[in-house]
Amino acid sequence: MNLDDTAGLTVGAAASRVGVTIRTLHHWDAIGLVCPSERTDAGYRLYTDADLSRLQRVLTYRELGLPLDDIKSILDDPAIDASASLRAQRDSLRERAARLHQMADAMDRMIEARKSGILLSADEQVAIFGEHWQPGWAAQAHDRWGDTHQWAQYAERAAGRTAEDWQQIAGGVEALNADLAAAQRAGVRPGSDRANALAERHRASIDTYFDCTHSMHVCIARTYTADPEFAAFYDAIEPGLTTWLRDIIDANARANGVIPESASWV
């Protein structure tokens, strides 16, 4: 049946309505996926409401990643309940949307972690890491290393951590610091097996945040003695602990082939 020129939608109008290209509609017509049902007296193809409904279903299945051949089989199979199929695909889309929202939230956390270094308030940080903890240290670390791969790695890990995760990490650090202080009081010498084992535990604690090489470990130990706040933190645990910690880190690095005096951030 021929229609006058005002009936239905032309290829261009239908493409605009559903958000695809004219070329796409021509291709779908050629493979029999969605064929315009009517023509004008001049021979132009026209898409009816039923055709547009089929187009929308095709787009839904495409969004779910189905190949065109599979979509055609589904649409043309009379045994398939169209309403039930659409409801199932709707539910699938909602589940996918929920996953995408979760991913977006995770990205927001990563962006914030990359900027702030830790997704805890100042009060939460002190409550978890102890009264000697300085919340400003994260900002200082960002200023110093914010453009490095290690900071990006730290931020990615921090974004996925809860307050409970940080509490567990803090507990491990507290136990390590207690063992470091006890070893210093006992006169454990840098370079000894016990001192090297403690230095490795300290390096492993940094590995919690980013992958730390022995050379990086030496550089970090330098900041402990050079920065008054870091020095005060360790010396509050045990007088002289800052320098002793640097010395055991240097000795352990040397035992692992790194010359402390020429260590670099690699």
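**Q** Quick one: what's the story with the overall build of the chain, residue by residue and with numbers?
**A** Helix and strand content of the chain: 13 helices and 3 strands. Scored against the burial criterion, the 266 residues of the chain give a buried share of 37%. Considering only contacts in the chain between residues 6 or more positions apart, those separated by 24 or more positions represent 62%. Counting only carbon and sulfur atoms, one obtains 52% of the accessible surface of the chain, whose full area is about 15,000 Å².

**Q** Help me get a handle on the packing of aromatic side chains, residues and values and all.
**A** Each aromatic ring pair is summarised here by two numbers: the centre-to-centre distance and the angle between the ring planes. Within this structure, the stated rule accounts for 5 aromatic pairs. With centroids separated by 6.0 Å and ring planes inclined at 55 degrees, the aromatic side chains of F210 and W265 adopt a geometry described as tilted. You can see F210 sitting in the loop between α10 (193-207) and α11 (214-226) and its partner W265 sitting in the segment after α13 (241-255), a full 55 residues away along the chain. Residue classification places F210 among the buried residues on the basis of a relative accessible area of 12%. Measuring from ring centre to ring centre gives 5.6 Å for Y224 and F230, while their planes differ by 50 degrees; the resulting arrangement is tilted. In this pair, the class of Y224 matches that of F230, namely buried. An aromatic cluster of at least three residues, connected via ring pairs, comprises Y224, F230, F233 and Y234.

**Q** How would you explain the packing of helix α9 (residues 163-185) against α10 if you had to name every residue and give the values?
**A** As a packed pair, α9 and α10 sit with axes 11 Å apart at the nearest point and diverge in direction by 155 degrees. Relative to α10, α9 is oriented roughly antiparallel. In the packing of α9 onto α10, the handedness of the crossing is left-handed. Two secondary-structure elements touch here, α9 through A175, L176, D179, L180, A182 and A183 and α10 through R194, L198, R201, H202 and S205. Its residues assigned to classes, the contact of α9 with α10 shows 6 nonpolar, 2 polar and 3 charged.

**Q** I'd like a rundown of helix α2 (residues 22-30), residues and numbers included.
**A** Turning to α2, its buried residues number three or more, namely L25, W28 and D29. Projected down its long axis, α2 carries its buried residues within an arc of 105 degrees, all on one side. When the buried face of α2 is taken as reference, the exposed residues oriented beyond 90 degrees from it are R23 and A30. Residues of α2 that are buried in the fold lie against α1 (11-18), β3 (45-46), α3 (49-63) and α4 (68-76). Directly after α2, the chain includes G32, whose backbone phi takes a positive value near 80 degrees.

**Q** Explain the pattern of salt bridges to me, using residue names and the numbers behind them.
**A** If you walk through the whole model with that rule in mind, you get 9 salt bridges. With a closest N to O distance of 2.9 Å, R45 and D29 form a salt bridge. Placement of the pair is R45 in strand β3 and D29 in helix α2, with a sequence separation of 16 residues. For D29, a relative accessible area of 16% corresponds to the buried category. Close ionic contact of R185 with E238 constitutes a salt bridge, the shortest N to O distance being 2.7 Å. Taken together, the residues R185 in helix α9 and E238 in the loop between α12 (228-237) and α13 connect sequence positions 53 residues apart.

**Q** Just give me the short version of the nonpolar core, but keep the residues and values in it.
**A** Counting 31 residues, the largest nonpolar core has L180, F210, Y224, W244, L245 and I248 as the members making the most contacts within it. If you list the elements that add at least two residues to this core, you get α8 (149-159), α9, α10, α11, α12 and α13. Element by element, the count of residues in this core is highest for α13, at 6 residues. Leave out the neighbours within four places in its chain, and F210 touches Q150, Q153, Y154, R157, M216, I220 and W265. L9, V34, L52 and L75 belong to the second largest nonpolar core, which has 17 residues in total.

Conventions and cut-offs
Residues numbered from 1 in each chain as written. Predicted model: local features only at pLDDT ≥ 70, side-chain atom pairs only at ≥ 80, totals over all residues. Heavy atoms only, no water. Helix = DSSP H or I, 4+ residues; strand = E, 2+ residues; numbered from the N terminus. Buried < 20%, exposed > 50% of the residue type's maximum accessible area, 1.4 Å probe, protein only. Contact = heavy atoms within 4.5 Å. Areas by Shrake-Rupley, 256 points an atom, 1.4 Å probe, with all protein chains shown as cover. Phe/Tyr/Trp six-rings, centres within 6.5 Å; stacked < 30°, edge-to-face > 60°. Axes fitted to C-alpha atoms, helices over the stretch in contact; angles between N-to-C directions. Parallel < 35°, antiparallel > 145°, perpendicular 65-115°, else oblique. Left-handed = near helix turned anticlockwise from the far one by under 90°. Nonpolar A, V, L, I, M, F, W, Y, C, P; charged D, E, K, R; others polar. Arc of directions from axis to C-beta. Salt bridge = Lys/Arg side-chain N within 4 Å of Asp/Glu carboxyl O. Core = buried A, V, L, I, M, F, W, Y, C linked by side-chain atoms within 4.5 Å.

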